[in-house]
Amino acid sequence: MLTTDKFGEVAGHAVTAYTIENRNGVQLTVLDYGATWHALNVPTPDGSHQNLILNTDLAGYAKPDGYFGKAIGRFAGRIGAGQLVLDGQPVAVPANEGTTTLHGGPHGFSTLFFKADAAADHVTFTRTVTPETDGFPGTLDVSVTYTLTAADEVVIDFTGATDQTTVFNPTNHVYWNLNAADDTIENHTLRLAAASHYELEPSKVLTGAVVANADTPYDFREPRQLGPALRELQTIPEAGLDDVFAIDDHAATEPVAVLSQGQRQVTMYSARNAVVVFTSNHFGDELHFLHHQSRPHVGIAMEAQTSAAGLVDPGLTQATLAAGTSRHEQIRYAFTY
Ligand code: FUC
């Protein structure tokens, strides 16, 4: 079942919210601004609903950081100055974090208005992103489809088709908080199919070095509570996780990440070779959420993507999309509540 509501206005553009409800009473709400995942309301034992993701209002979504529930592209994660090489040529792209291009730069997908095509169980957002739009080469036809299945899964399908060689490395920046009360994610348990992660420069671009996770706070190959791991990381400047995990080779039926708290669980499937895990480490009063007080570790983002390691090692999988080609990427989240 589909409901369409006026959500508000940003910079003179009307923003519409699309809510899909499945037969179990789960409600998925998405916005045409930033192709944003705004809410995942699950039924509670007392007959009401609870939202399992962090969300904000239009003023919050219009801020350049946070990326709450936003579609991210053309390139999820960080492209350091001079790192992008396409068809053997260095390509400059606009920076939005010092000299780094984060999450598609200042005019990435998260900032754009999309055309919506909504049905009973899915909403497709489409947009043509030109070099004039975001400063990346190639005119890219993008679609982002959110589907809520009867089996309680949210499936996000991204497609990109380009006329000139570019990059296509989309993700979604949803932050989870599965608690029934307003608490942090320190009581959540995480499993991550990753034997290693990438070393980062202080600017958080990759050095190219790979670090084994065994016997470190980064080892989530067996389910582990986040609180103790985050406490071990309080001595580093990030004071938590903001890391690029190298996902182990896995079958399509194998999840890349499992997050749980009590009987609530989110299981994430992706064919790609990296997940960035970010635990909202320095969140404070500058942010405003509809159902949570902003504070460190109020949410966890698990961003499935193609590793930025391809930018520093040409031998690794690249996010390149060749001229005249298209690609489909999918992230699937199965949940219990
Ligand atoms: C993640 C992080 C970044 C940033 C953003 C909001 O992708 O890697 O550091 O803070 O989220």
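This text follows the structure it describes.
Thresholds applied
Residues numbered from 1 in each chain as written. Predicted model: local features only at pLDDT ≥ 70, side-chain atom pairs only at ≥ 80, totals over all residues. Heavy atoms only, no water. 1 Å grid on protein atoms, 1.4 Å probe; cavity = no way out; pocket = protein on both sides within 12 Å on 5 of 7 lines; lining within 4 Å. Points joined across faces, edges and corners; volume = space filled by probe spheres on them. Helix = DSSP H or I, 4+ residues; strand = E, 2+ residues; numbered from the N terminus. Nonpolar A, V, L, I, M, F, W, Y, C, P; charged D, E, K, R; others polar. Core = buried A, V, L, I, M, F, W, Y, C linked by side-chain atoms within 4.5 Å. Buried < 20%, exposed > 50% of the residue type's maximum accessible area, 1.4 Å probe, protein only. Pairing = 2+ DSSP bridges. Near = heavy atom within 4 Å. Polar contact = N/O pair within 3.5 Å; in protein donor to acceptor, adjacent residues only side chain to side chain. Areas by Shrake-Rupley, 256 points an atom, 1.4 Å probe, with all protein chains shown as cover. Sits in = over half its atoms within 2 Å of the grid points. Lys, Arg positive; Asp, Glu negative; His and termini not counted. Salt bridge = Lys/Arg side-chain N within 4 Å of Asp/Glu carboxyl O. Contact = heavy atoms within 4.5 Å.

Asks: Kindly report on the layout of surface pockets, identifying the contributing residues and their values.
Replies: It is a probe the size of a water molecule, rolled over the atoms, that shows where empty space is left. Size it by volume and the largest pocket reaches roughly 780 Å³. If you trace the largest pocket, you find 38 residues lining it, with Asp65, Gly66, Tyr67, Glu97 and Leu102 closest to the centre. Taken together, the elements giving at least two residues each to the lining of the largest pocket come down to helix 1 (58-62), strand 22 (242-246), strand 25 (274-278) and strand 26 (300-305). Broken down by element, the lining of the largest pocket gets its largest block of residues, three residues, from helix 1. Grouping the amino acids of the lining of the largest pocket by side-chain chemistry returns 17 nonpolar, 11 polar and 10 charged. Estimates place the volume of the second largest pocket at around 260 Å³. Looking at the second largest pocket, it is lined by 13 residues, and the ones nearest its centre are Leu200, Glu201, Ile236, Glu238 and Asp243. Elements with a minimum of two residues in the lining of the second largest pocket: strand 19 (196-200) and strand 22. Top element by residues in the lining of the second largest pocket is strand 19. It accounts for four residues.

Asks: Break down the nonpolar core for me, citing the residues and quoting the values.
Replies: Counting residues in each nonpolar core, the largest one holds 57 residues, and the members touching the most others are Trp37, Val154, Trp176 and Tyr333. For this core, the leading source of residues is strand 13 (residues 140-148), giving five residues.

Asks: Now, about the sheet that holds strand 25: what can you tell me, with residues and values included?
Replies: Taken in spatial order, the six strands of this open sheet run 17-26-25-22-19-20, and their pairing is antiparallel. In this open sheet, the two edge strands, each paired with only one partner strand, are strand 17 (175-176) and strand 20 (206-212). Two elements, strand 22 and strand 25, share five bridges in a ladder whose sense is antiparallel. Paired with alanine 246 across the bridge in strand 25 is alanine 274.

Asks: So, the site of the ligand: which residues are in play, and what are the values?
Replies: Around the ligand, the structure places Gly66, Tyr67, Arg78, His103, His173, Tyr175, Lys204, Asp242, Val276, Phe278 and Glu303. Within the side chain of histidine 103, a nitrogen or oxygen atom sits 2.8 Å from an oxygen atom of the ligand. Burial of the ligand by the surrounding chains reaches 89%, relative to a free accessible area of 290 Å². In this structure the site holding the ligand corresponds to the largest pocket. Residues belonging to the shell around the ligand are distributed by class as follows: four nonpolar, three polar and four charged.

Asks: How would you explain the sheet that holds strand 18 (residues 189-192) if you had to name every residue and give the values?
Replies: Spatially, 11-12-13-14-28-24-23-18-21 is the arrangement adopted by the nine strands of the open sheet, whose pairing is antiparallel. Every interior strand has two partners, whereas the edge strands, strand 11 (115-118) and strand 21 (224-225), have only one. Where strand 12 (residues 122-129) and strand 13 come together, eight bridges link them in antiparallel fashion. The partner of valine 129 across the bridge, within strand 13, is leucine 140.

Asks: Now, about the side chain of aspartate 157: what can you tell me, with residues and values included?
Replies: Mapping aspartate 157 onto the fold places it in strand 14 (residues 153-162). Here aspartate 157 occupies a buried position and makes no salt bridge, while the nearest side chain of opposite charge, arginine 332, is found at 8.9 Å. Aside from chain neighbours lying at most four places away, what touches aspartate 157 is Ser143, Val144, Thr145, His328, Glu329 and Gln330.

Asks: I'd like a description of the pairing of strand 4 (residues 36-43), backed by residues and values.
Replies: Among the eight residues of strand 4, seven are classified as buried, and the element is accordingly described as predominantly covered. One ladder, built from three bridges, connects strand 4 with strand 5 (residues 49-51); its direction is antiparallel. Within strand 5, the residue paired with valine 42 across the bridge is glutamine 50. Between the antiparallel neighbours strand 4 and strand 5 lie five residues, among them glycine 47 with a positive phi of about 90°.

Asks: Lay out the pattern of salt bridges with the relevant residues and their values.
Replies: Inspection of the entire model under this criterion finds 10 salt bridges. Across the pair glutamate 97 and arginine 78 runs a salt bridge, and its minimum N-O distance is 2.8 Å. You can see glutamate 97 sitting in the loop between strand 9 (89-90) and strand 10 (101-102) and its partner arginine 78 sitting in strand 7 (residues 78-79), a full 19 residues away along the chain. Note that lysine 204 is salt-bridged to glutamate 238, the shortest N-O span being 2.8 Å. Taken together, the residues span a long stretch of sequence, with lysine 204 in the loop between strand 19 and strand 20 and glutamate 238 in the loop between helix 3 (226-232) and strand 22 at a distance of 34 residues. Linked through salt bridges whose partners overlap, the residues forming this network are Lys204, Glu238 and Asp242.

Worth remembering: the numbers are spatial, not functional.
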